[in-house]
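Here's the letter readout for the chains.
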Amino acid sequence: MSANSYSNTSKPGTICYTAHGNLYLNITNRCTARCVFCVRDLSDGVYGYNLRLLYEPSVEEIKQALEKNNFLKYREIVFTGFGEPTVRLDDMLSLIRWLKGHGAYVRLDTNGHAQLLYPNRDVVKELKDAGLDAISVSLNAESEDIYNRLCQPRYKNAYQSMLDFTKKAVNLGMRTRMTVVGFTEIDIEKCKRIADNMGADFHVR
Ligand code: SF4
């Protein structure tokens with residue numbers, strides 16, 4: 001059942017949560033991967049917030065939650081949460097424009113599969129044109145084989161598409177970071193070299 005199938009009559013759950021001086025947005029629980037380390041399979045949320053949504057909040061509900069949380073006092077507004085934000089690309093673009101209109105700094109944390117979700121669009125350029133400041137892409141592995149085993153993506157060529165997505169963000173001048181989870185079976189040094197070669201920052205989460 002998709003999150004959209006739930007009744008729209010009650011509060012959706014946690015839309016905004018705070019950590020590290022940032023305000024994080026939880027706009028969907030859907031995702032195009034099934035990572036073996038996904039926190040969704042291990043708990044109901046992070047930092048003490050329950051991130052399981054009863055339904056996907058509308059753009060209006062998200063704006064209201066942002067305003068209620070005085071979003072401008074935070075360093076960054078980060079699209080992340082218990083799912084892949086780009087599954088709601090048009091809603092995200094509209095929210096990015098709105099946030100940028102208010103002067104916020106906006107980041108997207110993503111698995112980098114969005115170009116596969118929208119093959120006829122230029123997703124990174126649309127994000128850039130909407131005003132997105134920074135992108136953090138989950139690299140997760142130094143090879144496609146390991147990536148497919150760990151992340152179980154819905155798409156066959158997800159690894160290459162994620163790399164292309166990242167390169168495009170770098171080329172368009174966006175602040176771009178690649179991240180890995182600190183698993184022992186991942187070669188962190190090789191992952192760092194991939195990020196370096198892309199011209200992206202690197203972070204072990
Ligand atoms: S990409 Fe993120 S939300 Fe999706 S399964 Fe992997 S860790 Fe979970």
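Above this text you will find the structure in question.
Residues numbered from 1 in each chain as written. Predicted model: local features only at pLDDT ≥ 70, side-chain atom pairs only at ≥ 80, totals over all residues. Heavy atoms only, no water.

Participant: So, the overall build of the chain: which residues are in play, and what are the values?
Facilitator: Regarding its fold elements, the chain presents 7 helices and 9 strands. Taking 205 residues into account, the globule formula puts the C-alpha radius of gyration at 17 Å, and the chain, at 16 Å, falls close to it. Expressed along its principal axes, the backbone C-alpha trace of the chain runs to roughly 45 × 35 × 35 Å. Of all intrachain contacts in the chain linking residues separated by at least 6 positions in sequence, the fraction that spans at least 24 positions is 77%. (Helix = DSSP H or I, 4+ residues; strand = E, 2+ residues; numbered from the N terminus. Rg over C-alpha atoms; globule rule 2.2 N^0.38 Å. Contact = heavy atoms within 4.5 Å.)

Participant: Talk me through the sheet that holds strand E1 (residues 16–19); I want residue IDs and the actual numbers.
Facilitator: In space, the 7 strands of this open sheet follow the order E1-E2-E5-E6-E7-E8-E9, with mixed pairing throughout. Either end of the sheet is taken by a strand with one partner, and the two such strands are E1 and strand E9 (201–204). Each strand of the sheet is rotated relative to its neighbour by a mean of 25°, with strand direction disregarded. Here helix H1 (residues 59–68) sits on the sheet and contacts E1, strand E2 (22–25) and strand E5 (77–79); the angle it forms with E2, its principal contact strand, is near 160°. (Pairing = 2+ DSSP bridges. Axes fitted to C-alpha atoms, helices over the stretch in contact; angles between N-to-C directions.)

Participant: Residue-level account of the pattern of salt bridges, with values.
Facilitator: In total, this model carries 15 salt bridges according to the counting rule given. Salt-bridge contacts for Glu-56 lead to Arg-30; the nearest nitrogen and oxygen are separated by 2.8 Å. Here Glu-56, found in the loop between strand E4 (49–50) and H1, pairs with Arg-30, found in the loop between E2 and strand E3 (45–46); they are 26 residues apart in sequence, far enough to count as distant. Owing to a relative accessible area of 9%, Glu-56 belongs among the buried residues under this scheme. The partly exposed category is assigned to Arg-30, whose relative accessible area is 30%. Where Glu-60 meets Lys-63, a salt bridge forms, and the shortest distance between an N and an O atom there is 4.0 Å. Placement of both Glu-60 and Lys-63 in helix H1 is noted, with a separation of 3 residues, approximately one turn of the helix. The class of Lys-63 is buried, set by a relative accessible area of 16%. Salt bridges linked by common partners bring Arg-30, Glu-56, Arg-88 and Asp-91 together as one network. (Salt bridge = Lys/Arg side-chain N within 4 Å of Asp/Glu carboxyl O. Buried < 20%, exposed > 50% of the residue type's maximum accessible area, 1.4 Å probe, protein only.)

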